[in-house]
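Summary of the model geometry
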Amino acid sequence: EGLIEFYDSFKEMFEFFCKNTTIHGTIRLVCSDSNRMKTAFWTLLLLASFGMLYWQFALMFSQYWAYPVVLTMSVHSKPKMFPAITICNLDPYRFELVSEHLAQLDRMAEESIAFLYGINTSASSLHVSEENIHVKDLPSIGNVSRAGFRLSQNFSLLRMPDPSNRSGKKLSSVGFRLCNATGGSCFYKTYSSGMNAILEWYRFHYMNIMSQMPVIINISDHEEQIEDMVYSCQYDGEPCRPSDYVHFHHPVFGSCYTFNSKGTDSFWTATKPGISYGLSLILRAEQKDHIPLLSTVAGVKVMIHNHNQTPFLEHEGFDIRPGIATTIGIQQDEVNRLGGNYGKCTTDGSDVNVKLLYNNSYTLQACLHSCFQHIMVQKCGCGYYYYPLPPGAEYCDYNKQPAWGHCFYQLYSRLRNHHLNCFDQCPKPCRESLYRVTAGTAKWPSVKSQDWVRQALRHQNGYNSTSNRLDIAKVTIFYQQLYYQSVNESPLLSENLLLSSMGSQWSLWFGSSVLSVVEMFELLIDTLVLSLLFCYQRFRAKTLKVAHAPPIPSVSLALENYRVVQE
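Rules used in this analysis
Note on numbering: residues in each chain are counted from 1, in written sequence order. The model is predicted, so local features are restricted to residues of pLDDT at least 70 and side-chain atom pairs to those at 80 or more, both for listing and for counting; the totals for chains, interfaces and linings are taken over all residues. Hydrogens and water molecules were not included; the side-chain quantities draw on all heavy atoms of the structure. Any pair of cysteine sulfurs within 2.5 Å is marked as a disulfide. Using a 1.4 Å probe on the protein chains alone, a residue whose accessible area is under 20% of its type maximum counts as buried, one over 50% counts as exposed, and one in between counts as partly exposed. Note on conventions: DSSP H or I runs of at least 4 residues are helices, E runs of at least 2 residues are strands, and numbering of each starts at the N terminus. How far a helix is expected to stretch is found by multiplying one less than its residue total by 1.5 Å. This arc describes the spread of directions from the helix axis toward the C-beta atoms. Salt-bridge detection follows one rule: a side-chain nitrogen of Lys or Arg within 4 Å of a carboxyl oxygen of Asp or Glu.

1. Examining the state of the cysteines
- For the structure on display, the rule yields eight disulfides.
- Covalently, C233 is tied to C240 through a disulfide, its sulfur atoms 1.9 Å apart. Here the S-S torsion is close to -65 degrees, and the disulfide linking C233 with C240 is therefore left-handed.
- C233 sits in the buried class, given a relative accessible area of 14%.

Written as structure tokens, this is what we have:
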């Protein structure tokens, strides 16, 4: 009784509520009860207000549960770490272990080019340098490789008429035929450009040849020094140190060096913007032509990327021309994604279902490559040579897996068309740094300065060339500004904003506050309690009525007295 107010009827309770509540308009339901038209009008008006209020609430909650985000941009200025820089000489090695097979592949390429275009390309032009890279302590493996591997003649380049050509001109495409294990399903890997077809055909055979190289060795551990590629290296006016770079070999882009790969050395802290405070390199851009049909570009490949990140040069790198001084200004953008219900992203890749095959930090490309390699091993029975291998797998070799090319190109086409689930399994990083690049070029060295520049390089680095600027390049990479833009995702409709919007709508339609909501809950509780009390009173009254009823005289239930009982 101390918590519940008792009323004699529901009408009394409703009148008390309408006269004392803070909700606007309810008092008009009882103050003009003699005028039924006004009572009906205010009743309809209040019901319509309730309907509009909860319709607005439904729109708010539907928008909130859609989890939209808004992008906010902020500018920060402070000293920061210089990014990682990867350079490659675009000159892949001709390893001694597989040199015989590569020479045979060069002869097959000569025959194919002569067949397609009638051009007689001598073997010497396809492999000018006979310098081979020797991997130590592998004589037995090399003998087995030479004896067991054979180049396949089943993938010849063919010229085919273009079925989509309707102009009447003699247009054709060039490609090679790929079939599954049974030979029942075949297709032609064709290109409208014969040059692209030859390069892809050469790469296809090259991957099969390089699969003979042992996976356990580190190809970059041969006797090459950074001085063979980098004549001069300075950062912020100070010479680079041997600990500032790591060396690796890329099967297409050749010998590569990554500067500031870890990003933990204070030597690489950028304190000032400008060309004088960046990384300046004088590079050897000579094309030895180890494998010319694999890499047709002369110059240097450069990529600017984050620390502890695998450089995917085939996707993000750019080329530096020989005989050119290139200045590259960079500006950093930082992107922070919310994740969770607001979007799919990962902090460090630990919650991703794909097991990364790279030892560096998580990136979208590393996840996509790892996902594709796992599917490749599962579907085709072997791994793609350009990607790392899962444990227990081996690289594809058409001597062992004759149909792997058919399987690979179909899978790769599905990946490019987003028909594989790799894009669903590989989210973007929740936090990543992006670099915007602007570049300028000029001839270097100039005609009047090239003699003394070459003499200085010859004296210091043993440089010896007569190509007149066509075998050296200069590149300078620097921060244009030390400030960076941070793009952050934030909820468009947070919990606080949702409550604020609901309160605004409630005030708009009823001119009341959250205490009015409490009054409505109080009304519902009083209604429930009063209903229970009325039901209890009716049940009690019926029980008492049965208890005070007159007694029925006892009668015999014999068959002859049945009629008396009925009466």
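2. Here we look at helix α13 (residues 495–510)
- The end-to-end C-alpha distance of α13 is 22 Å, a good match for the 22 Å that 16 residues give at a rise of 1.5 Å each.
- Turning to α13, its buried residues number three or more, namely L498, M502, Q505, W506 and F510. Projection of α13 onto a plane perpendicular to its axis shows the buried side chains occupying an angular sector of 100 degrees, all on one side. Pointing more than 90 degrees away from the buried face of α13 are the exposed residues N496 and L508.
- The positive-phi residue at the C-terminal boundary of α13 is G511, with phi of around 60 degrees.

3. Remarks on the pattern of salt bridges
- Counting across every chain of the model gives seven salt bridges.
- Taking the shortest distance from any N to any O, the salt bridge between R337 and E432 comes out at 2.9 Å. Taken together, the positions of R337 in the loop between β15 (324–336) and β16 (345–346) and E432 in strand β18 (residues 431–443) put the pair 95 residues apart, joining distant regions of the chain.
- Linked through salt bridges whose partners overlap, the residues forming this network are R241, D244 and D265.

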